[in-house]
Amino acid sequence: MKLDIWVGAPVAAVRYQPARSKANSACSSPVWDGMFSVSEQGEIGMSFRGINTTVIQIRRQVFTEVARMAYANVKGEQANHLMRKIPYTIIPGEEGKLRKDIFLERAIVEERVRLAMGLPTRRMDEHNSVVSGLEDASIADKYYDPPLVNVIKFACNRCPEKLVKVSDLCQGCLAHPCMEVCPKKAITWESGRSTIDQEKCIKCGRCVGVCPYNAIVKTERPCAAACGMGAIHSDELGRAEIDYSKCVSCGQCLVNCPFGAIADKGQIYQLIQGFNRGDRIYALVAPAFINQFPGMTPSKLKEAMRQLGFADVDEVAIGADLCTIDEAKDFMEEVPGKIPFMGTSCCPAWSVMAKKLFPQFKDNISMALTPMVITARMVKKDHPNARIVFIGPCAAKKLEANRKSVRSDVDFVLTFEELLGMFDAKEIDFKTLEADPADGMDEGSGFGRGFAVGGGVAAAVVEAIKHIDPDREILIEYGDGLKECRKMLAMAKAGKRNGYLLEGMACPGGCINGGGQPYHRGNEELLKRRAEALYAEDAAKPLRKSHENPDIQALYEEFLGEPCGPLSHELLHTRYYDRKPVVEPKK
């Protein structure tokens, strides 16, 4: 989707435009018009995400109980006992209420607990205790055995991949437009109603659109529909299976599965082991923290994090400001002279997707490190012995933190949803929590904080470029969700995006709609409030533009030198490594 981004408007204020756009185009209102129906992928899951469903409640309880177990700081058989007890705490009683089989319900919770602790799922055809591997996972260091995103096979409902079906609402009308529009003549008249021959049907959905009674329905496996990579298919028993050679760990499948059959591995247990050991652990919080928890303010979040055991808290918006300036300099130096276009680097799932599917464009994705890594390096410069935890809305950040060039910078990654479980374990209530309002997080600029909203990265980079070269015309396109990102790069492959700055976001709407948040997409009002909260924060900030941040200016003057200079390039940029096939899960 092409964007108009207007200089001086609230952070990441964007308006979808069907025609070519310029960065300095004028728009009448800083409202994101396309926010809630922005893409084919973005419409998936609207039926339940954002609603406090049973799936969300169980996920949260699992994270809470795992955190409580870790804070208990016990080992050996005591730890085994606590882990075995968790499924009975979450699923009490003697009768099943969710799947009508309490033993199945508890078995699924057991797998979720194992994944939350970083442990692999167990094979269904082998006996293996729920505590198997617990001793190996009871360390104060990152514990990760790929894959990151996993299907709990016996929790899967075996949904049909795609199905078009005539329901009982069919009235047997005389017009039967469904039969007339079917390109494969798959619909016939039988016993007074329309019938679809599934072997002929190509699932185009034309019949669905013309039925005057809405009697024909088209369904698709929700996890597969949400996957912008086409990485989910059925195994031999009809259960969902992930093709890890395609998966980029964006997490959209796990938050769109109505049965909670997909989950990612966590690091809560290992992080808290670090607290128990007395490590000085610093939290880096993604800009999307705004409006995540009821009653939260930046100062209250800092106080709550200290009560969890963190030494201090920094906002990643400061890293976003550094990323903005270097990406702006990169764009000015390289486009179009050295490369025809440049893609942003902040979203790891988008970056991996681009290099998997369009390897010829590997050098077109900015080599500037993500704000997470840049901020981590800056903190470790001041605190060499510090351990770093990134906390944000993104599942893919867990995979990024395991990259060869990043492992030493970021020690753990948590999602906001996992963090909420830790708050629950410590019984922290933001509504009653007392904190010094002056102890907030104001290091980053408004545009740096706007990285959390789709289009925000491009808005910040354009603003920085305009500061250096006010007359330069900048063409921009924003890919909203992986399906749109793929279309965007296909257009670039055809030579139709030369001179462009391309921003890709794996999650529709940006980081505010990431896969690791306590409350998810589907609640349009909630999404709107998240975006508006970021706009309001930006409007109230005296410091709005990345290049005007005095801390950033001092950092370049006193330490880094020129943007994209030798030291800046060494510390704030990465290198491209040829990707090998992703490790398949252990059988």
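Going by the structure above, here's the rest.
Conventions and cut-offs
Residues numbered from 1 in each chain as written. Predicted model: local features only at pLDDT ≥ 70, side-chain atom pairs only at ≥ 80, totals over all residues. Heavy atoms only, no water. 1 Å grid on protein atoms, 1.4 Å probe; cavity = no way out; pocket = protein on both sides within 12 Å on 5 of 7 lines; lining within 4 Å. Points joined across faces, edges and corners; volume = space filled by probe spheres on them. Nonpolar A, V, L, I, M, F, W, Y, C, P; charged D, E, K, R; others polar. Phe/Tyr/Trp six-rings, centres within 6.5 Å; stacked < 30°, edge-to-face > 60°. Buried < 20%, exposed > 50% of the residue type's maximum accessible area, 1.4 Å probe, protein only. Lys NZ or Arg CZ within 6 Å of the ring centre and 35° of its normal. Helix = DSSP H or I, 4+ residues; strand = E, 2+ residues; numbered from the N terminus. Polar contact = N/O pair within 3.5 Å; in protein donor to acceptor, adjacent residues only side chain to side chain. Salt bridge = Lys/Arg side-chain N within 4 Å of Asp/Glu carboxyl O.

(A) Representation of empty space enclosed by the protein. According to the stated counting rule, one finds nine cavities of 30 Å³ or more in the structure shown. Of the pockets and cavities examined, the largest cavity occupies roughly 320 Å³. Residue lining of the largest cavity: 26 residues in total, with Cys346, Cys394, Lys397, Phe451 and Cys511 positioned closest to the centre. Each residue belonging to the lining of the largest cavity can be placed in one class, and the counts come to 22 nonpolar, three polar and one charged.

(B) Fine view of the packing of aromatic side chains. Within the structure shown, the criterion is met by seven aromatic pairs. Between the aromatic rings of Phe423 and Phe430, the centroid separation amounts to 5.1 Å while the plane-to-plane angle is 90°, which identifies the pairing as edge-to-face. Phe430 carries the same exposure label as Phe423, and that label is buried. Across the ring face of Tyr71, the terminal group of Lys426 is positioned such that the distance to the ring centre comes to 4.3 Å. Arg497 extends its terminal NZ or CZ atom over the ring of Tyr500, reaching a point 5.4 Å from the ring centre.

(C) How the structure looks around the environment of Asp168. Tracing the backbone through its elements, the reader meets Asp168 in the loop between strand 4 (162-166) and helix 5 (177-181). Under the relative-accessibility criterion, Asp168 is labelled exposed at 72%. Separated by 47 residues in sequence, Asp168 and Ala215 have C-alpha atoms that sit 7.0 Å apart. Here Arg193 takes part through its side chain, which lies 3.4 Å from a polar atom of the side chain of Asp168.

(D) View of the pattern of salt bridges. Throughout the structure, instances matching the rule amount to 26 salt bridges. A salt bridge links Lys153 to Glu241, with the nearest nitrogen and oxygen atoms 3.9 Å apart. Of this pair, Lys153 sits in the loop between strand 3 (149-151) and strand 4 while Glu241 sits in strand 9 (residues 240-242), and the two are 88 residues apart along the sequence. A residue is classified by how much of its surface remains accessible, and Lys153, at 22% relative accessible area, is partly exposed. Residue Arg193 pairs with Asp168 through a salt bridge whose shortest N-O separation is 3.4 Å. Of this pair, Arg193 sits in strand 6 (residues 193-196) while Asp168 sits in the loop between strand 4 and helix 5, and the two are 25 residues apart along the sequence. Residue classification places Arg193 among the partly exposed positions, given a relative accessible area of 26%. Put simply, Asp141, Arg277, Asp279 and Arg387 are held in one network by salt bridges that share partners.

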